[in-house]
Amino acid sequence: MEDFIKVAAATPKVKVADCTYNQEQLIAVVRRAEAEGCDAVCCPELCLTAYTCQDLFQQDLLLKQSLQALTGLRAATKGLRVIVLVGLPLQLRGRLFNCAAVICDGHIYGIVPKSYIPNYREFYEARWFSSAFSLEKDATITLEGEMIPVSAGLIFQTPCFSFGVEICEDLWAPQPPSTYLAQQGAEIIFNLSASNELTGKHAYRRALVAGQSARCHCGYIYAGAGFGESTQDLVFSGADLIAENGKIIAESQRYTLDAQFIFSDIDVVQLRHERMVNTSFHTSPQPHTLAPTIIALPQRNSETKATLLRSVNPLPFVPEGDELADRCEEILHIQSLSLAQRLQHTNAKTAVVGISGGLDSTLALLVCTRTFDLLGRDRADIVGITMPGFGTTDRTYNNALKLMKGLGITIREISIRAACEQHFKDLGADMASHDVVYENGQARERTQILMDGANQMGGLVIGTGDLSELALGWATYNGDHMSMYGVNASIPKTLVRHLVAYVAQHTADDEISATLMDVLDTPISPELIPADKDGQIVQKTEDLVGPYELHDFFLYHFLHNGSRPSKVFNLACAAFDGNNPRVAQFQPAVILKWLRTFLRRFFTQQFKRSCLPDGPMVGSCSLSPRGLWRMPSDATATDWLKECDSLTQNPATR
């Protein structure tokens, strides 16, 4: 019907920095869009190169290859009716821009640069790209003899509809370019995106897309990056959305290994009617003419409140109710998809995991099995190595064996006792002292077995350490600190427990469920010190460094909110006051003790985080040096600890 415009959003597979491969995948998208009778198809941000090229964007070869790929794609559209939107990096006036090219019938009709360049948290695009705001008016570029306009304000007019383009972060800005474009006549907005996945983020993304289509009375087509992007730190799920006037009318399946292609019809005549009826749409001030108006209010005298009037969540990483199950499922999806990409990229024959019978290695193993199922690979190619040592208890040893057997993976058992005894003998170390050499020697021996075993079996060592351990530095440097890919690296310990519990509750195998529940009941321990006379764990982590419930609370408010120690302390006192059944009660003096421990260890152990293996970011807190947290390894905690000392003047904290 002539009132409707058929649009598509596509997420092709990509290979990072392989423009020839990416061009081929995009040509396949174009051909499908033409076969489906689409008027236009939108592909993801920087899809000709892949979004995650990082400093390769500054390589002349990559930029030339992307232009060649653009030329090849343009030629492939000759004689076709479909309009194609693709992303690429583009040099102009000595600067690099993150751009969308609009192609049809063998011609490039315009290039739209990204306006808002994110440079916060896990994003640091300003390292490579300039903003469209820095371009002079009426900028052009000549490609293959064609002079092409370059501007974020371009509106493309066809006989049947008009459209505008924005790129990823532009939608998240306070004044999206699409608002201006819509008020200037664009009836459909295309967004080329590479928004990574975090827990809860997709719901917010959907709301943004639907909301912007409602405010602008437009069709909004959003194409997100997907499988094939680097999972060094982030995961891209292939989130494609099509919205019309406030409603999502089509969306892709996320977290798949396959290319995605969705399409639907946009009723442009109805949109024109909505704009005609809604007089506010045309009388609203244009975004570029708005100027802030400051209204001063008299300041009231502040009074210190003895108690908070609002409740404080003691488990900020762990949602409640139905949301917890959704969160667990999404995290497992993120972990599995990221590991799938890494296994395919490295052509690893096996995934090698050290299985201790503890929480972290259990979660890593569960992620491996989900990944191999996703890839359609035999679980026998997952090799679990259990490495009993001086502190291994029967309970954890047996749980490790039962779990590996129940999940159908390959089991290897390699004792570290003899190797460690020889190592300590070579060093002249006293094994009776149970000092740091005694503990770390065992951890490093285990890592050596895993690394060399992976080489032996053509495998990838899957790291098991979690976010809480990284925050505290509770890992042996170049021991359990090291792996080839760390699937748990941004998951705090409080959430690890719930992920394992979630799998235990949803598995159909009663024996596996029972084993997982026993793992959950086992005290957290590295088991590097011999058990007591009854065979029970002596070395309990939370007795040594403090309760993980407190440390995860400290981490969230320190890292996510940038809160100072006094505020973290006051919030913790309110959160753990005994009125919340989800957590234990902690006295102020106990909270302050472990807050000092957290701050001291967080600062002194940064050097371990500065050289972390790759691993997927799954939430708003990450300690990857390539993602959210960059900190010098020799920063001092002096001022933070001084503020803790000032809190001891309060009798309640003594």
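Residues numbered from 1 in each chain as written. Predicted model: local features only at pLDDT ≥ 70, side-chain atom pairs only at ≥ 80, totals over all residues. Heavy atoms only, no water.

With an unreviewed UniProt entry as reference, the chain is termed Glutamine-dependent NAD(+) synthetase, source organism Alloprevotella tannerae ATCC 51259. As recorded by UniProt, the Pathway (unreviewed entry) comment attached to the chain reads in full: "Cofactor biosynthesis; NAD(+) biosynthesis; NAD(+) from deamido-NAD(+) (L-Gln route): step 1/1." The annotation that UniProt attaches to the chain under Function (unreviewed entry) is "Catalyzes the ATP-dependent amidation of deamido-NAD to form NAD. Uses L-glutamine as a nitrogen source." (UniProt positions renumbered as here; feature names shortened; annotations may be inferred.)

Draft legend 1. Structural view of the UniProt feature "domain: CN hydrolase" (unreviewed entry) in the chain. According to UniProt, the feature "domain: CN hydrolase" (unreviewed entry) maps to residues 5–268 in the numbering used here. Helix makes up 23% of residues 5–268 and strand makes up 32%, while its end C-alpha atoms are separated by 7 Å. (Helix = DSSP H or I, 4+ residues; strand = E, 2+ residues; numbered from the N terminus.)

Draft legend 2. The pattern of salt bridges, seen in detail. Here the structure, examined in full by the defined rule, presents 27 salt bridges. In this structure, the salt-bridge partner of Glu 329 is Arg 370, at a minimum N-O distance of 2.9 Å. Of this pair, Glu 329 sits in helix α8 (residues 322–346) while Arg 370 sits in helix α9 (residues 359–375), and the two are 41 residues apart along the sequence. Taking the shortest distance from any N to any O, the salt bridge between Arg 626 and Asp 614 comes out at 3.4 Å. Within this pair, whereas Arg 626 is found in the loop between α20 (606–609) and α21 (638–647), its partner Asp 614 is found in the loop between α20 and α21, the two being separated by 12 residues in sequence. The same class applies to Arg 626 as to Asp 614, namely buried. Among the charged side chains, a salt-bridge network with shared partners connects Glu 197, Arg 205, Arg 254 and Glu 330. (Salt bridge = Lys/Arg side-chain N within 4 Å of Asp/Glu carboxyl O. Buried < 20%, exposed > 50% of the residue type's maximum accessible area, 1.4 Å probe, protein only.)

Draft legend 3. Structural view of unusual backbone geometry. Here the phi dihedral of Leu 46 falls at roughly 50°; this positive angle occurs in a residue that is not glycine. By secondary structure assignment, the location of Leu 46 is in the loop between β2 (40–42) and α2 (60–76). By relative accessible area, Leu 46 is classed as buried at 0%. Phi at Asn 478 is positive, roughly 60°, even though this residue is not glycine. Following the sequence through the fold, Asn 478 ends up in the loop between α13 (467–472) and β19 (485–486).

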